[in-house]
Amino acid sequence: MTRIATPEGSLFGLANLPYGVFSTPGTAPRVGVRVGEHVVDLTLVDDVFAAPSLNPFMAQGHARWVQVREQIRTLVSGDVDDAAVHPAESVTMHLPFEVADYVDFYASEHHASNLGRLFRPDSAPLMPNWKHLPVGYHGRAGTVVASGTDIVRPSGQRKAPSNGSPTFGASRRLDIEAEVGFVVGTGSPIGTPVGADDFDQHVFGVVLVNDWSARDIQAWEYVPLGPFLGKSFATSISPWVVPLLALESARVATPPQDPEPLPYLREKNPWGLDLELTISWNGQIVSRPPYREMYWSPAQMLAHLTVNGASSRTGDLYASGTVSGPAKDQRGAFIELTWGGKEPVEVNGEPRTFLEDGDEVSITATAPGPSGARIGFGEVTGRVLPAR
Ligand code: CA
């Protein structure tokens, strides 16, 4: 039997207990929980965790999530069967859930204003709808990939404003977007909107997202229907799903919303979240985006996503949009950090603007837990490979 240590200051203490899908050499992927520097096989708790995704467990609903979290806390506080305990560095992590639909929002006022200035320098930075609804688009669920998956540089049509016609080739302005993703555990039937105050009954947990973005492809294609091939080639997510139940101490008010949103977007107790992100470029931290600055809450995003009667499903992933704060070193995309490539940042002593082949980007986050503890989200990482 093993007694698992959770050292003082561990980001994976008993207040966190995130779920992921792991395998060891020669075994099938199954669900585990991260505790300190170990992964505990949850098939000890219930057969539902023998699946290679969290979907069957998430579909069991909120009451069950609460109950199982208590069971896990009891289990890992005592002596655990040796065969179920694996050092975290010895396991392979997989995509933690089967992604049903994928939606990406645009909920940071700082990011939306910066991109407005960069993409449309002659108009107001925010479009007239932006403070009335959480702007978003439907993305491509099939290209959501696990952290660690290499990212092949996309090719497509690009047209610089000074050129008369487009050319085809590898993206020259490949970028990242540091985002936070919300995972739907129990869905909602078609024709039935989810109320803003019902968020925590539906959303199971939180992951980190890197929405890789080819700015040159995006700039040419996005009018009038929005992002398409400039973003659909790959979206990376972190392997650990931090349960919403672990984030009570991270709840904060959203920034003041003026004008007051329409009634379906009003929350009794807003779901702002005090996550602190970091972005590392080839191992060097270049930005620290603060999630608490996000204008729209994830509860408002889900309410808006379903207000027309669109259904939601177990495994739906919706991302917040790039997390950017007011300061330059809090911007969550390189197009903002380098102001369209005009103000390079130093990475390991070299001036850099957009991603080069071989570059690696990692995004991490932590949040306040109970009694001064901190909750870790692990990381989402990916390396750029040359275009094919
Ligand atoms: Ca995005």
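Fair warning: this is a prediction, and the values are worked out from it, not measured in the lab.

Novice: I'd like a rundown of the confidence of the model for the chain, residues and numbers included.
Specialist: Averaged over every residue, the pLDDT of the chain is 97; residues scoring 70 or more account for 100%. Within the chain, strand β1 (residues 2-3) has the poorest average pLDDT of any element, 90, and strand β15 (residues 178-184) the best, 99.

Novice: Which residues make up the packing of aromatic side chains, and what are the values?
Specialist: For the coordinates displayed, the defined rule picks out 15 aromatic pairs. Centre to centre, the rings of Phe49 and Phe57 are 4.8 Å apart; their planes meet at 55 degrees, and the pair counts as tilted. The pair Phe49 / Phe57 is uniform in exposure class, with both members buried. Among the aromatic side chains, those forming a connected cluster through ring pairs are Phe105, Phe182, Phe199, Trp271, Tyr291 and Tyr318. Over the ring of Phe12 we find Arg34, and its NZ or CZ is 4.1 Å from the ring centre. The positively charged end of Arg251 is found above the aromatic ring belonging to Trp271, 3.7 Å away from the centroid.

Novice: Describe the coordination of the calcium ion, naming the residues involved and giving the relevant values.
Specialist: Reference geometry at the metal: tetrahedral coordination by four donors gives ideal angles of 109.5 degrees; octahedral coordination by six donors gives 90 or 180 degrees. Each protein donor to the calcium ion is listed here as Asp104 (OD), Glu177 (OE), Glu179 (OE) and Asp211 (OD); together their distances run 2.2 to 2.3 Å. Going along the chain, you hit the donors of the calcium ion in the pattern D-x72-E-x1-E-x31-D. You can see Asp104 sitting in strand β8 (residues 102-105) and its partner Glu177 sitting in the loop between β14 (174-175) and β15, a full 73 residues away along the chain.

Novice: I'd like a rundown of helix α6 (residues 298-306), residues and numbers included.
Specialist: Side chains of residues three or four places apart in an α-helix project in the same direction, reflecting 3.6 residues per turn. Counting buried positions along α6 gives nine out of nine residues, so the element sits mostly inside the fold. For α6, the set of buried residues is Pro298, Ala299, Gln300, Met301, Leu302, Ala303, His304, Leu305 and Thr306.

Novice: So, the sheet that holds strand β28 (residues 374-385): which residues are in play, and what are the values?
Specialist: On the basis of which strands lie adjacent, the open sheet formed by five strands has the order β11-β28-β27-β22-β23 and mixed pairing. The open sheet has two free edges, formed respectively by β11 (151-152) and β23 (284-287), since each of these has just one partner strand. Bridging between strand β22 (residues 276-281) and β23 involves three bridges; their strand directions are antiparallel. Bridge pairing links Trp281 to Gln284 in β23.

Novice: Account for the sheet that holds strand β7 (residues 92-94), naming residues and giving values.
Specialist: Here we have five strands laid out as an open sheet, ordered β6-β4-β3-β2-β7, and antiparallel in their pairing. The sheet is open, and its two edges are formed by β6 (85-87) and β7, each paired on a single side. The sheet shows a mean angle of 45 degrees between the axes of neighbouring strands, taken without regard to direction. Inspection of the sheet shows strand β2 (residues 19-23) paired to strand β3 (residues 30-35) by four bridges, in the antiparallel sense. Across the sheet, the residue bridging to Phe22 is Arg30, located in β3.

Reading guide: rules and limits
Residues numbered from 1 in each chain as written. Predicted model: local features only at pLDDT ≥ 70, side-chain atom pairs only at ≥ 80, totals over all residues. Heavy atoms only, no water. pLDDT = per-residue confidence, 0-100. Helix = DSSP H or I, 4+ residues; strand = E, 2+ residues; numbered from the N terminus. Phe/Tyr/Trp six-rings, centres within 6.5 Å; stacked < 30°, edge-to-face > 60°. Buried < 20%, exposed > 50% of the residue type's maximum accessible area, 1.4 Å probe, protein only. Lys NZ or Arg CZ within 6 Å of the ring centre and 35° of its normal. Donors = N, O, S within 2.8 Å, 3.2 Å for Na, K, Ca; no water. Pairing = 2+ DSSP bridges. Axes fitted to C-alpha atoms, helices over the stretch in contact; angles between N-to-C directions.

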